[in-house]
Amino acid sequence: MDSAPGPDGVESGIIADVESALQVFDRYLSIVTASDRRRPGRLDRAGYILLSQLESTTLAISDLSEIMGLDVSTINRRTASLMADRVIERIPDPAGGMARHFRITSQGRRLLASEREANRLGLRQMLVGWRAQDLSELARLLGQLNHSIEASSGLQLRRADPPPDITTPLPG
């Protein structure tokens, strides 16, 4: 394996290891969540993310498109499906603009809370035996990765919980 440093000074072998680990992680996450999300009354991954974006604000299709990095037609199909399920509703722009906005319904809030709890329970089961310090470090590193992705892509998903402070090292 090539371990020569790249222009950023990081060895290529380390980047290859990170890529490989993320590939396996993504595949496992897809398998685990896909089987669970096929049950009736569950949100798919895109629906979960979209509802999360609407949890604390109303947004127009163009806003959702920009935030999620998807084209307007894709967002339009997703919002139509979520409206049919009565978990979001279309409302006039609260600021008086021309664009219609989407708002999460009380049914959508209940479904999102249930999904979030199921996700956290699944994570808790997967992470049995991990030390609290290791879990804190994992959360910090994932937050740092998300920050890097946002900085390089220009995307920024709204979060239900504030992102971890990636500038403060963990004690220890």
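Look up a bit, the structure's there.
Reading the values: the criteria
- Residues numbered from 1 in each chain as written.
- Predicted model: local features only at pLDDT ≥ 70, side-chain atom pairs only at ≥ 80, totals over all residues.
- Heavy atoms only, no water.
- Helix = DSSP H or I, 4+ residues; strand = E, 2+ residues; numbered from the N terminus.
- Buried < 20%, exposed > 50% of the residue type's maximum accessible area, 1.4 Å probe, protein only.
- Contact = heavy atoms within 4.5 Å.
- Areas by Shrake-Rupley, 256 points an atom, 1.4 Å probe, with all protein chains shown as cover.
- Pairing = 2+ DSSP bridges.
- Axes fitted to C-alpha atoms, helices over the stretch in contact; angles between N-to-C directions.
- Core = buried A, V, L, I, M, F, W, Y, C linked by side-chain atoms within 4.5 Å.

Caption draft 1: Region of interest: the overall build of the protein chain. For the protein chain, the count of helices and strands is 6 helices and 3 strands. Its helices and strands taken in sequence order, the protein chain reads α-α-β-α-α-β-β-α-α from the N to the C terminus. Taken over 172 residues, the protein chain has a buried fraction of 24%. Within the protein chain, contacts between residues at least 6 apart in sequence are counted, and of these 48% link residues at least 24 apart. Accessible area for the protein chain stands at about 11,700 Å²; split by element, carbon and sulfur atoms hold 57% of it.

Caption draft 2: Quick peek at the sheet that holds strand E3 (residues 101-104). The 3 strands are arranged E1-E3-E2 in an open sheet whose pairing can be described as antiparallel. The strands lining the two open edges of the sheet, one partner per strand, are strand E1 (59-60) and strand E2 (88-91). Sheet topology note: the E1/E3 ladder contains 2 bridges and is antiparallel. Bridged to Leu 59 within E3 is Phe 102. Here helix H2 (residues 45-54) sits on the sheet and contacts E1, E2 and E3; the angle it forms with E3, its principal contact strand, is near 95°.

Caption draft 3: The nonpolar core, seen in detail. If you look at the biggest cluster of nonpolar residues, it comprises 18 residues, and the most contacted ones within it are Leu 51, Leu 54 and Leu 64. Among the elements of the structure, H2, helix H3 (61-68), helix H4 (72-84), E3 and helix H5 (106-126) are those that each provide at least two residues to this core. If sequence neighbours within four positions are ignored, Leu 64 has contacts with Leu 50, Gln 53, Leu 54, Leu 59, Ile 75, Thr 79 and Phe 102.

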